[in-house]
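Descriptive analysis of the structure
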Amino acid sequence: MPRALISGISGQDGSYLAESLLREGHEVHGLVRRSSLEVPHVKMSRISTVMDQLTLHPCSLESQTALLEVVREIKPDYLYHLGAQSFVSYEIDQEYATLDTNLGSTHALLSAVMRFAPHCRFYFAASSEMFGHAETSPQNESTPFNPRSVYGISKLAGFHICKSFRENEDIFACSGILYNHESPRRGKEYVTQKIISQAVAIHRGHSNVIKLGNLDARRDWGHAKDYVEAMRKITEFDKPDDFVVASGRTHSVREFCEKAFSLLDLDFEDFFECDPRFFRPSEKTPLCGDATKAHEELDWAPTHDLDTIIEEMMDCELERTASFTN
C-alpha cells in the first residue's frame, strides 16, 4: 500500500487530496498543528468525514527538527508539501513569518526525504504569485519569474530549492505552479468566499453591504478538485518536472460578484461599497496560465468553469446557513 504524507492536510487542497488518495488505496498521513487537534471541529472540519482513515501527526512547519523526525518515522512514498503561510499579505509584520515558514519547511522536508526516504516522490505547491509583474500573458513554464510579494518570493525560493534537490541530489522533486483555485472549502479570508458569504448574508437579510477593493482585478480561477487531480498526475509522471496548472481564462472580481449575486436574484451594484483597505492595483499584465504542457504530457484539463464553481460554492453556503434563517 503506497504511503503518502501531506502537509496542510486540513486545508482546501489537502482535504481533497487526502480523499483522492484514500479512494485509490493509499495510506494517508497528515501534518497538523497541535492546536488544531485541540479543536478539531473548528480547525479540521474539512477532513472530518475521513478523519478515522487518516494518521495525523502534530507538527509545526516552523519546527525543522520535528519535520525531519516525522519523515524519518513514516518514510513516505509520496510527500505533498501543501502547507504554507499562504495568504498573500503586504503587511511588514507578516513578511518574516512567511519567509521563515515557507522556505524553512520546504528545505527541511526535502532534506528529510534525501536522508530517510530517497525513493519518495516530492510535490511542492508553487504559485502563480511567482510570476508577479509578468512580462507576458498567458504565462507558461518558460516565462520569467518576477514576484511582487514576499509570499511570491518565498514560493519562488521553494521552487528553486526543489529544482536543486532534483538536479543535484537525484530526488524526485516536482512543482505545480497553480493559479487561483476555489471551492466550497475555500477559507473565509479569500475574496471569492467573502463574496459568496456576503451575498448569502444580504439574501438572508443579515447584511446590506459588501465592501471590496478593486473590482477590475482579473484572476485565472479554477476548481480545487481539478487542481488536486493535476497534483496526482504530476507526482505519478514518469519523470520529475514542473507544470503550470491553470484554466487559461481570466475573469474580473466584478464578474465573479455579478454572477454570484445574480444566483440570488440580487443586483450586486445595489450593495457594493469600495473600501480602500482591500484595494490592490490591477496587474499591468494579467496573471493567466498556459497549461499546454500539462494538457499534452499529463493529459490533464480542467472540468469546471467559473459558473459551475460559483454555483457549487453558493449552494454549499446556502445549505450551511439554512439553520440560521429567521
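Here the structure is shown first, and the text comes after it.
Structure report, in brief.

**Looking at the environment of Ser262**
As for its position among the elements, Ser262 is in helix 9 (residues 253-262). Residues Ser262 and Val113, spaced 149 residues apart in sequence, show a C-alpha to C-alpha distance of 49 Å.

**A look at the pairing of strand 4 (residues 78-81)**
The two faces of strand 4 match: Tyr78 and Tyr80 on one face and Leu79 and His81 on the other face are all buried. Where strand 1 (residues 3-7) and strand 4 come together, four bridges link them in parallel fashion. Residue Ala4 lies in a different strand from strand 4, and its bridge partner there is Tyr78. Where strand 4 meets strand 5 (residues 121-127), four bridges bridge the pair, whose relative direction is parallel. Across the sheet, the residue bridging to Leu79 is Phe122, located in strand 5.

**Points about the sheet that holds strand 6 (residues 172-178)**
Across the sheet, seven strands lie side by side as 3-2-1-4-5-6-11; this open sheet has parallel pairing. Strands at the two margins of the open sheet, each flanked by one partner only, are strand 3 (54-58) and strand 11 (242-245). The mean angle between the axes of side-by-side strands here comes to 20 degrees, regardless of whether they run parallel or antiparallel. Note that strand 1 and strand 2 (residues 27-32) share five bridges and pair parallel. Across the sheet, the residue bridging to Arg3 is Glu27, located in strand 2. Sitting on the sheet, helix 4 (residues 64-74) touches strand 1, strand 2, strand 3 and strand 4, and the angle it makes with strand 1 is about 165 degrees. Across the face of the sheet, helix 8 (residues 224-235) comes into contact with strand 4, strand 5, strand 6 and strand 11 while running at roughly 155 degrees to strand 6.

**What about the pairing of strand 1?**
Most of strand 1 is tucked away, with four of its five residues classed as buried. Handedness of the crossover is the feature at issue here: the chain leaves strand 1, passes through helix 1 (residues 12-23), returns alongside strand 2, and the resulting connection is right-handed.

**Quick look at the pattern of salt bridges**
Applying the stated criterion to the full structure yields 16 salt bridges. For the salt bridge of Arg3 with Glu27, the shortest nitrogen-to-oxygen distance reads 3.2 Å. Taken together, the positions of Arg3 in strand 1 and Glu27 in strand 2 put the pair 24 residues apart, joining distant regions of the chain. Judged by relative accessible area, which is 25%, Glu27 ranks as partly exposed.

**Let's talk about the packing of aromatic side chains**
In this description, a pair of aromatic rings is defined by centroid distance and the angle of the planes. Throughout the structure, instances matching the rule amount to eleven aromatic pairs. Judged by centre distance (5.8 Å) and plane angle (75 degrees), the ring pair of Tyr227 and Trp300 falls under edge-to-face. Taken together, the positions of Tyr227 in helix 8 and Trp300 in the loop between helix 10 (292-298) and helix 11 (306-321) put the pair 73 residues apart, joining distant regions of the chain. Grouping residues by exposure puts Tyr227 and Trp300 together as buried.

**Examining the side chain of Arg186**
Position of Arg186 among the secondary structure elements: in the loop between strand 7 (181-182) and helix 7 (191-204). For Arg186, the contacting residues outside a window of four places in its chain are Gln12, Arg46, His181, Thr192 and Gln193.

**A short note on the packing of helix 1 against helix 8**
Running from N to C, helix 1 and helix 8 cross one another at 60 degrees; their axes reach a closest spacing of 9 Å. As far as their axial angle goes, helix 8 and helix 1 are oblique. Helix 1 and helix 8 meet at a crossing whose hand is right-handed. Packed against helix 1, whose contacting residues are Gln12, Asp13, Tyr16, Leu17, Ser20 and Leu21, the element helix 8 presents Ala224, Lys225, Val228, Met231 and Arg232 at the interface. Grouping the amino acids of the contact of helix 1 with helix 8 by side-chain chemistry returns six nonpolar, two polar and three charged.

**Thoughts on a negative patch on the surface**
Taken together, Asp305, Glu311, Asp315 and Glu319 make up a surface patch of like negative charges. Positionally, Asp305 belongs in the loop between helix 10 and helix 11.

What counts and what doesn't
Residues numbered from 1 in each chain as written. Predicted model: local features only at pLDDT ≥ 70, side-chain atom pairs only at ≥ 80, totals over all residues. Heavy atoms only, no water. Helix = DSSP H or I, 4+ residues; strand = E, 2+ residues; numbered from the N terminus. Buried < 20%, exposed > 50% of the residue type's maximum accessible area, 1.4 Å probe, protein only. Pairing = 2+ DSSP bridges. Axes fitted to C-alpha atoms, helices over the stretch in contact; angles between N-to-C directions. Contact = heavy atoms within 4.5 Å. Right-handed = clockwise from strand over helix to strand, strands pointing away. Salt bridge = Lys/Arg side-chain N within 4 Å of Asp/Glu carboxyl O. Phe/Tyr/Trp six-rings, centres within 6.5 Å; stacked < 30°, edge-to-face > 60°. Parallel < 35°, antiparallel > 145°, perpendicular 65-115°, else oblique. Left-handed = near helix turned anticlockwise from the far one by under 90°. Nonpolar A, V, L, I, M, F, W, Y, C, P; charged D, E, K, R; others polar. Patch = residues over 30% accessible without salt bridge, like charges linked within 9 Å, V, L, I, M, F, W, Y side chains within 5 Å. Areas by Shrake-Rupley, 256 points an atom, 1.4 Å probe, with all protein chains shown as cover. Lys, Arg positive; Asp, Glu negative; His and termini not counted. Charge placed at Lys NZ, Arg CZ, Asp CG, Glu CD.

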